[in-house]
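Summary of the model geometry
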Amino acid sequence: MDIQSLLEKALKAKGWTRYKLSKSGNIPESTLTNIFTRGNCPTISTLEIICNTLGITLSQFFSENELIEVTPEIKELLDNWLYLNTKQKQAVLQTIKAMKNDSVK
């Protein structure tokens, strides 16, 4: 899939227009026009700004799977996850699964 299609997909997932992306990310409309209309490939730094504005990572942007917004809560969880050892990670996952099962009942 090309960059323009991925950007369209990301905008659609967020429910945003190109205009909203431009205003929210302080991205010049001419830059987005060059990407979408002229087919220019954005620089990595521009793509990072776009992804940050949309609340996704570059890896999520290029992922084949559904996009997930990285909220401040999810970012905090992921940041703290890195400091856990394997046993602690397993305990956290078991706790989350138990909570999920309780909420379904």
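All chains use their own residue numbering, which begins from 1 and follows the written sequence. Reporting of local features is limited, given that this is a predicted model, to residues whose pLDDT is at least 70; pairs of side-chain atoms are given and counted only at 80 or more, and all residues count toward the totals for whole chains, interfaces and linings. Neither water nor hydrogens contribute to the side-chain values; these are computed over all heavy atoms in the structure.

1. Digging into the pattern of salt bridges
Keep this limit in mind: Salt bridges are defined by distance alone: a side-chain nitrogen of Lys or Arg within 4 Å of a carboxyl oxygen of Asp or Glu. Runs of H or I in DSSP of at least four residues are treated as helices and runs of E of at least two as strands, each being numbered from the N terminus. Exposed residues in this analysis have more than 50% of their type's maximum accessible area, buried residues have under 20%, and partly exposed residues fall in between, with area computed by a 1.4 Å probe over protein chains only.
Following the criterion strictly, the structure yields three salt bridges and no others. When the shortest N-O distance is used, the salt bridge between Glu-29 and Lys-23 registers 3.8 Å. With a closest N to O distance of 3.0 Å, Lys-75 and Asp-79 form a salt bridge. Taken together, the positions of Lys-75 and Asp-79, both in helix α6 (residues 72–81) and four residues apart, correspond to about one turn of that helix. Among the residues examined, Asp-79 registers a relative accessible area of 34% and is labelled partly exposed.

2. Overview of the nonpolar core
As a rule of thumb, soluble globular proteins bury nonpolar side chains together. How we decide: For the purposes of this section, nonpolar cores are sets of buried Ala, Val, Leu, Ile, Met, Phe, Trp, Tyr and Cys residues that join through side-chain atoms within 4.5 Å.
Core analysis: the biggest nonpolar cluster contains 17 residues, and Leu-7, Leu-21, Leu-32, Ile-50, Leu-54 and Phe-61 have the highest contact counts within it. Elements that contribute at least two residues to this core include exactly α1 (3–14), α3 (29–36) and α4 (44–54). The dominant element in this core, judged by the number of residues it contributes, is α1, at five residues.

3. Structural notes on the packing of aromatic side chains
Just so we agree on the cut-off: Stacked, tilted and edge-to-face are the three classes applied to pairs of Phe, Tyr and Trp rings, where Trp contributes its six-membered ring and a pair requires centres within 6.5 Å; stacked means planes under 30 degrees apart, edge-to-face means over 60, and tilted covers the rest.
One pass over the structure, following the stated rule, counts one aromatic pair. Seen from their ring centres, Phe-61 and Phe-62 are 4.9 Å apart, and the 85 degrees between their planes marks the pair as edge-to-face. We classify Phe-61 as buried; its relative accessible area is 2%. Residue Phe-62 is classed as partly exposed on the basis of its relative accessible area of 44%.

4. Some thoughts on the side chain of Thr-53
Selection rule: Residues count as neighbours in contact if any of their non-hydrogen atoms are within 4.5 Å of one another.
Looking at the secondary structure, you find Thr-53 in helix α4. Looking at Thr-53, the relative accessible area reads 18%, which means it is buried. The contacts of Thr-53, once residues within four sequence positions are left out, are Trp-16, Leu-21, Ser-24, Gly-25 and Ile-27.

This is a description of form; function is not addressed.
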